[in-house]
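Each chain, written out:
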Amino acid sequence: MDVFSNILLGFGVALSPQNLVYCLIGSVLGTMVGVLPGIGPVTTVALLLPISFTLDPISALIMMAGIYYGAQYGGSTTAILINIPGEPSSVVTSLDGHQMARQGRAGPALGVAALSSFFAGCVAALLIAVGAPPLAQIALQFGPAEYFSLMVCGLVAAVVLAHGSIVKAIGMVILGLIFGLAGSDINSGVRRFTYGLQGLADGVEFVALSMAIYGLAEVAVNLEKKEVKSGIAQSIGRVLPSWADVRTCIPSVLRGTTLGSLLGVLPGGGALLASFAAYTLEKKVARAPRNFGQGDIRGVAAPEAANNAGAQTSMVPMLTLGIPSNPTMALMIAALMVHGVSPGPRVMTDRPELFWGIVASMWIANLMLVILNLPLVGLWVRLVRIPYRMMFVAIVAFCCVGTFTINSNTADLAVLAFFTVFGYICLKLGCEPAPLILGFVLGPMMEENLRRALLISRGDPAIFLSSPISIGFLLAAAFLLIVVAAPTIRRRRDEAMVE
Amino acid sequence: MKANGESVSTTLACSVMLAVSFLAVACASVGGAWAQAYPAKPIRLVLPYSPGGIIDYVGRTLAQNLAGPLGQQVIAENRPGAGGITGTDAVARSAPDGYTIVLMDPAIVINPTLQPSMPYDLFKQLTTVSVVSSSPLVVVVAPELPVKSMDDLVRYGKANPGKLNFASAGIGTTPNLAGELLKLRAGIDATHIPYKSIGQSYPDLMSNKVQFAFSSIAGALPFTMDNRVRAIATTGDTRNPVYPDLPTIVETGLAGFEVDLWLGVFAPAGTPPDVVARLNAAITIALKDPELGKAFAKVGAMPRGTSSNDGAAFVRAEHAKWKKVIEDAKIKLD
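Remember, predicted model here, so these are calculated numbers, not experimental data.

All right, on to the overall build of chain B then. For chain B, the count of helices and strands is 13 helices and 11 strands. Counting all 334 residues of chain B, 52% fall into the buried class. The long-range share in chain B, meaning contacts at least 24 apart out of those at least 6 apart in sequence, stands at 74%.

Pasting the structure below:
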C-alpha cells in the first residue's frame, strides 16, 4: 500500500502544530476575503507572499491553499444571500441558491453548499492522492485545438442551460460573446470596441458585469414593486438542511464531484466550466420534480460540489507539471520557486513530504472550513431579516466598493452602471443572464484557442479533427445542438421546463 | 495649482465617499510636506502588472528593503491593465512629490513605438530614478526538436522554412521582440504564437506544437530543471548564475544580440532633483544588500542600480533599439 504510507506521511506533516495553525489562518482569511467584495484570493495571496518567504515552504503553501479553498466557500455565501456572485464559478450557485434564500431557505442552501463542497473536496483530494500523475497527463493532452472544441461544447451547453425560449438564450450567448470581445486582442494587440477609453483596454471587468447584472439589476426590479416589503422572505425557516434535503442532493453531489474533478485538471479554463457543466447536467438528468431556477436545492449542491472539486484538482497541473491554472496558482508557483522548489514531476519523488503534506492539508482545510462555516450559517441567516430598505443600500454600497477595489479603476464603476441598466432591461424582457455570462467568459478563451490552433496549423481547419479528444467534444456539441434544434424534442424540452 | 484643479474635478466625478477619502489624502500630503523633510510619509510603489510575475516579486522585495534606508514604509501596489500602461499612466499623472513611483519593465520603452496612441509621454512626463535590475531571457526549445544549440536552431530553421513556431507573452512583449530580432539577425522564418503569459505556452512547447521561445528565467526554471524543455542559450552580456553552463547568444556568434528584461523605477517628471537623489541613494543602498541579491537571483534577476542620469540614457538607448526592431520587423498592431 504505497499510497497509504504516502498519505500517512502527508498527515504527519500536515498535522504538525505549526502547519495546523497556518492551515487555520489560511481558511479563516480565505472565508473572509470570499465574503468581502473586491478583495479576492489573488490579492490576498499576493499580499502574503513576502511573509511566506520567511516560512517553511510547506507551511506557506498550506496557508495559500487554505486561502484559495476558503474563498470558494465564502464566495457562495454572498451569491446565495444577496445574489452577488464574486467570481464566475459562483454565478450558477446564485441561480437556485438565491431563490431558496428568498423563500426563507437560506439556511439549508448555505448548509448544503458547505456540505457538498466538503464532500467534493475530500473526494478530489483522495483522487489526487491516488492518481495525480495520470491526471496530469490528461492536462498535457489538451492543446489549443482541444480547448477550442471544449469551449464550443460549453457554449452549446449554455443554450441548454437556459429556461424557456431558445431564441432568447441564443441571443444572450451572442451578446455575451460580443461583450467579451471588448479589450486588447491577444493576437494583434489592437484594442477592439474600447471607444478610445483606457479603462476598457483590458475588456469589461467580470466582477463589475456580474455584480451589475445579478446584484444591482435585481435591486432595481425589487424597488419598483409597490410594497417593498422584502426581496427576501422574513421567516428564516430551518437553519440547517434537513435529512430529506441531504438525501435529495446525494446523487447530484456525486455527479457534480465527478464532473468537477475531471474538468478541474485542465489548466486552460476547465475549472471555470465545472459549475456550469454540473448545473446543465443536473437539469437534464435529475429526477422529477424539478424546479431549477426556482430554488431547487440540487441546483446548489451540484455546482458547489463541482466548483470545489475543480478548485482542488486544479492543483494537479500546478504540483505535477508546474503549470498554473489560474493567477492564485501562479503565485503559489512563485512562492515555491523562492524556496528553491521547482514545481514539476520531480516534486513527488524529490520532496514527497511537500506533495503529500499538501494533499493531506486539503482534507484538513476542508474539515476546518465546514466546521467554520456551518455555525456561521446561523449568523448569515439572521442578516436576511434586516428590512429590505436597509439591505438594498448595503447591496449597492457593497457592489460599488467591491467593483472599485479590484483595479482601483473608476471606469469599472461606469461599466457597473451600464450593465445595471442592461441587466434591468434583460430582467424585464425575461432574458436570463446565465447564458450571457457563459458566453462572456468562454468567448475570449474560445477565440484565443481557435486563432492559436489555426496559427499553428497555418490556417488548416483539419487541426480540429486531428485528435480524438477534439472530435469527441465537437460531436458532443453537435449532438446537443441537434437535441435543442429538433422541434419535437424541443416541445418536450419546453414541457419539462414548465414543471 | 494644477494639482488642485485636478482634485476638484475628481471630486465632482466621484461619489461622496471617494471624495472624502481623496480629500483626506490631500490634507495629509499638505500637512506632511510642511512638517518635515522627504520622506515624511509612506511611499507608494506602483507595480503595473498583476501579482505573480517578475515585476511583482522584484517590486515587493525592493519595497521591503527600501524601508530601512528611507526611514519610511514603501507600499507596493498592483495596478494592472493595458500591458502596464494603466499603472504607469496613473503615476505619470500623480503629484511630482516623490510619494508615488512606478517600477516598469521594457514595455515602458516599447509601448510608445508600438501603440498608436499613448495617454502619457514617457520622456516628458516621467523621470528615471534608477534601473534596478537586469535579467536575461533564456532560449528554450521543444525537447523533440533535434536542436542542442543556437547554431542548431538557426540551421534547423533554414532547412525547414515555415516549420518553426515561437511563443511569446503577447505582441510587443520582450519575448516577442527577441524572437523577431532573431528572425532578422539569423535570417530564419518562424511564426509568432502569442500567449497571455509565457508560462501558458509551456504545455504546447513540451508537446512540440510550438518549437522555441525566449522565456523569462523565472518562467523557464521549473521546466528546464528536469529537461521537459531544453534550454540552449541566454541573452545577457555575461553568463547567468542560474544557467552557468549555457552560452550567451553573443558567445555563439550573433554579435550584439543582447536582450535584457530590465526593471526601472520612474517618478513623475518635475519631481524635485533632491527627492530623486534621495530615492536613488536609498535604492543604491538597498540593492547592495546580499540578501536582496540572493532573493533577486531566484528569479534570474541581478541587482543593478544606476544613477538617475545613466538610467535615463539607458532608457533612451533601449527605446531606440526596440524602435528599430519594431520598424525593421514591421510589427504593427492591426
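Secondary structure assignment for chain A yields 21 helices and 2 strands. Reported as C-alpha extents along the three principal axes, the dimensions of chain A are approximately 65 × 60 × 50 Å. A burial count over chain A gives 57% of its 499 residues as buried. The contacts of chain A with a sequence gap of at least 6 include a subset with a gap of at least 24, amounting to 80%.

Bringing the nonpolar core into the picture now. Counting residues in hydrophobic clusters, the biggest one holds 260 residues, and the most contacted among them are Leu61, Met64, Ala109, Ala277 and Ala335 of chain A together with Ile101 and Val140 of chain B. The element that contributes the greatest number of residues to this core is helix 6 (residues 106-141) of chain A, accounting for 18 residues. Structurally, this core is a two-domain feature, drawing no fewer than three residues from each of domain 2 (36-133 + 261-328) and domain 3 (137-234) of chain B. Apart from the residues lying within four places of it in its own chain, the contact partners of Leu61 of chain A are Met332, Ala335, Leu336 and Ile358 of chain A.

In this section: the environment of Leu164 of chain B. Residues and elements named next belong to chain B. Secondary-structure assignment places Leu164 in the loop between helix 7 (150-159) and strand 6 (165-168). Expressed as a C-alpha distance, the spacing of Leu164 and Asp189, which sit 25 residues apart in the sequence, is 7.1 Å. When near neighbours in sequence (up to four residues on either side) are disregarded, Leu164 contacts Gly157, Ile188, Asp189, Ala190, Gln211 and Phe212.

Our next topic: the interface of chain A and chain B. Accessible area lost upon the coming together of the parts serves often as the stated size of an interface. Contacts between chain A and chain B engage 36 residues on the former and 41 residues on the latter. Sort the elements by how many residues they give to the side of chain A that touches chain B and helix 14 (residues 327-338) of chain A lands first, with 6 residues. For the side of chain A that touches chain B, the class distribution of residues is 20 nonpolar, 13 polar and 3 charged.

Further remarks concern the sheet that holds strand 1 (residues 43-47) of chain B. Residues and elements named next belong to chain B. With respect to topology, 6 strands assemble into an open sheet ordered 2-1-3-10-4-11, the strand pairing being mixed. Among the strands making up the open sheet, the edge pair consists of strand 2 (74-78) and strand 11 (302-303). Helix 13 (residues 308-328) rests against strand 4 (126-134) and strand 10 (263-268) of the sheet, and its axis sits at about 85° to strand 4.

Turning next to the pairing of strand 1 of chain B. Residue and element names in this part refer to chain B. Buried residues dominate strand 1, accounting for 4 of its 5 residues. As judged from the 5 bridges shared by strand 1 and strand 2, these two strands associate in the parallel manner. Its bridge partner being in strand 2, Ile43 is matched across the sheet by Val74. Taking the sense of rotation as the criterion, the β-α-β connection linking strand 1, helix 3 (residues 54-70) and strand 2 turns out right-handed. In terms of strand pairing, strand 1 meets strand 3 (residues 100-104) through 3 bridges, oriented parallel. Bridge pairing links Leu45 to Ile101 in strand 3.

Before going further, it helps to spend a moment on the packing of helix 5 (residues 88-102) of chain A against helix 12 (residues 298-313) of chain A. Residue and element names in this part refer to chain A. Interhelical geometry of helix 5 versus helix 12 gives an angle of 155° and a closest axis separation of 8 Å. In terms of their interaxial angle, helix 5 and helix 12 are classed as roughly antiparallel. As for the relative orientation of helix 5 and helix 12, their crossing is left-handed in sense. Facing Ser89, Val92, Thr93, Leu95, Asp96, Gly97 and Met100 of helix 5, the residues of helix 12 in contact are Gly299, Val300, Pro303, Glu304 and Asn307. Looking at the contact of helix 5 with helix 12 residue by residue, the class counts come to 5 nonpolar, 5 polar and 2 charged.

Another point: the sheet that holds strand 7 (residues 191-194) of chain B. Residue and element names in this part refer to chain B. Strand order in the open sheet made by the 5 strands is 7-6-8-5-9, with mixed pairing throughout. The open sheet terminates on both sides in strands that have one partner only, identified here as strand 7 and strand 9 (230-234). Between one strand and the next, the sheet's axes are offset by a mean angle of 30°, whatever the strand orientation. Where strand 6 meets strand 8 (residues 212-216), 2 bridges bridge the pair, whose relative direction is parallel. When the sheet's bridge partners are listed, Phe166 is paired in strand 8 with Phe212.

Below, the discussion takes up the packing of helix 4 (residues 57-82) of chain A against helix 16 (residues 352-383) of chain A. The relative placement of two packed helices is expressed as an angle between their axes plus a distance between the axes. Residues and elements named next belong to chain A. Closest axis-to-axis distance for the helix 4/helix 16 pair is 9 Å, and the angle between their directions is 30°. Considering the angle they form, helix 4 stands roughly parallel to helix 16. Of the two possible hands of crossing, helix 4 and helix 16 adopt the one that is right-handed. Of helix 16, the residues touching helix 4 (which contributes Pro57, Ile58, Leu61, Ile62, Ala65, Gly66, Tyr69, Gly70, Tyr73, Thr77 and Leu81) are Glu353, Leu354, Gly357, Ile358, Ser361, Ala365, Asn366, Leu369, Asn373, Trp380 and Leu383. A class-by-class count of the residues in the contact of helix 4 with helix 16 yields 14 nonpolar, 7 polar and 1 charged.

As a further point, take the environment of Arg304 of chain B. Residue and element names in this part refer to chain B. Tracing the chain through its elements places Arg304 in the loop between strand 11 and helix 13. Sequence separation of Arg304 and Val131 is 173 residues, and the distance between their C-alpha atoms is 6.6 Å. Discounting chain neighbours no more than four positions away, the residues touching Arg304 are Val131, Val132, Ser133 and Ser134.

It is worth spelling out unusual backbone geometry at this point. Cis geometry is adopted by the peptide bond preceding Pro39 of chain B, which originates at Tyr38 of chain B and carries an omega value of -10°. Positive phi outside glycine occurs at Phe193 of chain A, with the angle close to 50°. Structurally, the position occupied by Phe193 of chain A is in the loop between strand 2 (191-192) and helix 9 (206-224). On the basis of neighbour count, Phe193 of chain A is assigned to the partly exposed category, with 13 C-beta atoms found within 10 Å. Despite not being glycine, Arg458 of chain A shows a phi value in the positive range, around 55°.

Residue and element names in this part refer to chain B. In this model, chain B carries an average pLDDT of 86, and 89% of its residues clear a pLDDT of 70 or more. Residue range residues 1-35 is modelled with pLDDT below 50. Its contacts to residues more than four positions away, or to other chains, number 13 contacts. Reported confidences for the modelled complex are a pTM of 0.81 and an ipTM of 0.80.

This part takes up the pairing of strand 4 of chain B. Residues and elements named next belong to chain B. Most of strand 4 sits out of view: 9 of its 9 residues are buried. Of the strand pairs in this sheet, strand 4 and strand 10 are connected by 6 bridges, and their pairing is antiparallel. Each residue of the ladder has a partner; that of Ser130, found in strand 10, is Val265. By the bridge criterion, 2 bridges tie strand 4 to strand 11 in an arrangement that is antiparallel.

Let's shift gears to helix 4 of chain A. The end-to-end C-alpha distance of helix 4 of chain A is 38 Å, a good match for the 38 Å that 26 residues give at a rise of 1.5 Å each. At the C-terminal side of helix 4 of chain A, Asn83 of chain A shows a positive phi close to 60°.

Now for the environment of Ile469 of chain A. For Ile469 of chain A, the position within the fold is in helix 20 (residues 468-485). Setting aside residues up to four positions removed in sequence, Ile469 of chain A forms contacts with Gln141 and Glu146 of chain A.

How each quantity is defined
Residues numbered from 1 in each chain as written. Chains lettered and ligands numbered in written order. Predicted model: local features only at pLDDT ≥ 70, side-chain atom pairs only at ≥ 80, totals over all residues. Helix = DSSP H or I, 4+ residues; strand = E, 2+ residues; numbered from the N terminus. Buried ≥ 20, exposed ≤ 12 C-beta atoms within 10 Å, placed from the backbone. Contact = placed C-beta atoms within 7 Å. Core = buried A, V, L, I, M, F, W, Y, C linked by C-beta atoms within 7 Å. Domains from an automatic or database assignment. Nonpolar A, V, L, I, M, F, W, Y, C, P; charged D, E, K, R; others polar. Pairing = 2+ DSSP bridges. Axes fitted to C-alpha atoms, helices over the stretch in contact; angles between N-to-C directions. Right-handed = clockwise from strand over helix to strand, strands pointing away. Parallel < 35°, antiparallel > 145°, perpendicular 65-115°, else oblique. Left-handed = near helix turned anticlockwise from the far one by under 90°. pLDDT = per-residue confidence, 0-100. Expected span 1.5 Å × (residues − 1).

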